[in-house]
Amino acid sequence: MAKKKINVGANDENGEMDMSPMIDMVFLLLIFFVVNATAITVKKDKHVNMPTATNSGEVKSANGCIVVNIYGEGDGKRPAGMTPDVRWATDASKPLNDEAELKEYIRELAERFKDKPDFETRLYLRGDQNALFKGSRAVIKAGGECGVTKIIFAVLPAKSSAPAE
């Protein structure tokens with residue numbers, strides 16, 4: 001028995017692959033990963049009126065930031081349901097009513113971040129410009145007692161007052 005040859009004519013397909021389904025799949029995967037990526041950001045409390053500074057820098061990564069909002073003494077600017085005598089709150093505006101709660105909050109987050117090698121644990125203080133420094137001092141002291149020694153004071157960049165030429 002002789003083998004039968006397949007005759008391929010000149011008008012038949014030349015075996016090129018259609019790339020459009022492959023491109024569609026790549027775009028679908030790209031959209032999937034972009035949507036599912038989690039960005040870690042520092043939440044901002046709109047009730048804190050932050051001070052400005054001319055030489056302020058930007059926080060490169062929010063990984064490992066323990067955010068504490070420090071309110072002005074009795075100024076009445078608090079999230080709903082928070083009494084005017086509250087000096088501190090978490091990044092989710094949960095009130096920290098006394099130094100024991102403040103220390104427990106910092107200790108809990110410091111322990112959680114300690115096991116993650118890519119996180120550098122630091123305090124991120126968002127103080128109201130009308131707040132007295134004793135509120136910040138209490139947070140710094142509580143952080144030191146919990147082993148957190150890096151501190152970031154959040155400020156807004158000052159607008160440039162350079163004269164126009």
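Just above, that's the structure.
Predicted, not measured: the structure shown is a model, and the values here were computed from it.

A.B. asks: Got a sec to walk through the overall build of the protein? Specific residues and values, please.
C.D. replies: A count of helical and extended segments in the protein gives three helices and seven strands. The secondary structure elements of the protein, listed N-terminal to C-terminal, are α-β-β-β-β-α-β-α-β-β. For the protein, with 165 residues in total, the buried portion stands at 28%. Taking the intrachain contacts of the protein between residues at least 6 apart in sequence as the baseline, contacts between residues at least 24 apart amount to 67%. A total accessible area of about 12200 Å² is found for the protein, and carbon and sulfur atoms account for 55% of it.

A.B. asks: I'd like a rundown of a nonpolar patch on the surface, residues and numbers included.
C.D. replies: The grouping of Met17, Met19, Met22, Ile23, Val26, Phe27, Leu30 and Val34 at the surface amounts to a nonpolar patch, some 830 Å² of accessible area in total. Of note, Met19 is situated in the segment before α1 (20-36). Look at Met19 and you get partly exposed, because its relative accessible area is 41%.

A.B. asks: Could you give me a rundown of the packing of aromatic side chains, with the residues and numbers involved?
C.D. replies: Evaluated as defined, the whole model comprises one aromatic pair. Note on Phe32 and Phe33: the rings are 5.2 Å apart at their centroids and 70° apart in plane angle, and the pair reads as edge-to-face.

A.B. asks: Break down the side chain of Thr90 for me, citing the residues and quoting the values.
C.D. replies: Note that Thr90 resides in strand β3 (residues 88-90). Leaving out residues up to four positions away in the same chain, Thr90 has contacts with Val67, Asn69, Leu96 and Tyr105.

A.B. asks: Give a detailed account of the pattern of salt bridges, specifying residues and quantitative values.
C.D. replies: Close approach of charged atoms allows side chains with opposite charge to pair. Enumeration according to the criterion identifies four salt bridges in this entry. Across the pair Lys103 and Glu145 runs a salt bridge whose closest N-O atoms are separated by 2.4 Å. Remark: Glu145 occurs in helix α3 (residues 133-145) and Lys103 occurs in helix α2 (residues 99-114); sequence separation between them is 42 residues. According to the relative accessible area criterion, Lys103 is partly exposed, its value standing at 27%. Given the relative accessible area of 43%, Glu145 is considered partly exposed. Between Glu120 and Lys150 there is a salt bridge, with the nearest N and O atoms lying 2.7 Å from each other. Placement of Glu120 in the loop between α2 and β5 (122-127) and of Lys150 in the loop between α3 and β6 (151-153) is noted, with a sequence separation of 30 residues between them.

Rules behind the numbers
Residues numbered from 1 in each chain as written. Predicted model: local features only at pLDDT ≥ 70, side-chain atom pairs only at ≥ 80, totals over all residues. Heavy atoms only, no water. Helix = DSSP H or I, 4+ residues; strand = E, 2+ residues; numbered from the N terminus. Buried < 20%, exposed > 50% of the residue type's maximum accessible area, 1.4 Å probe, protein only. Contact = heavy atoms within 4.5 Å. Areas by Shrake-Rupley, 256 points an atom, 1.4 Å probe, with all protein chains shown as cover. Patch = residues over 30% accessible without salt bridge, like charges linked within 9 Å, V, L, I, M, F, W, Y side chains within 5 Å. Salt bridge = Lys/Arg side-chain N within 4 Å of Asp/Glu carboxyl O. Phe/Tyr/Trp six-rings, centres within 6.5 Å; stacked < 30°, edge-to-face > 60°.

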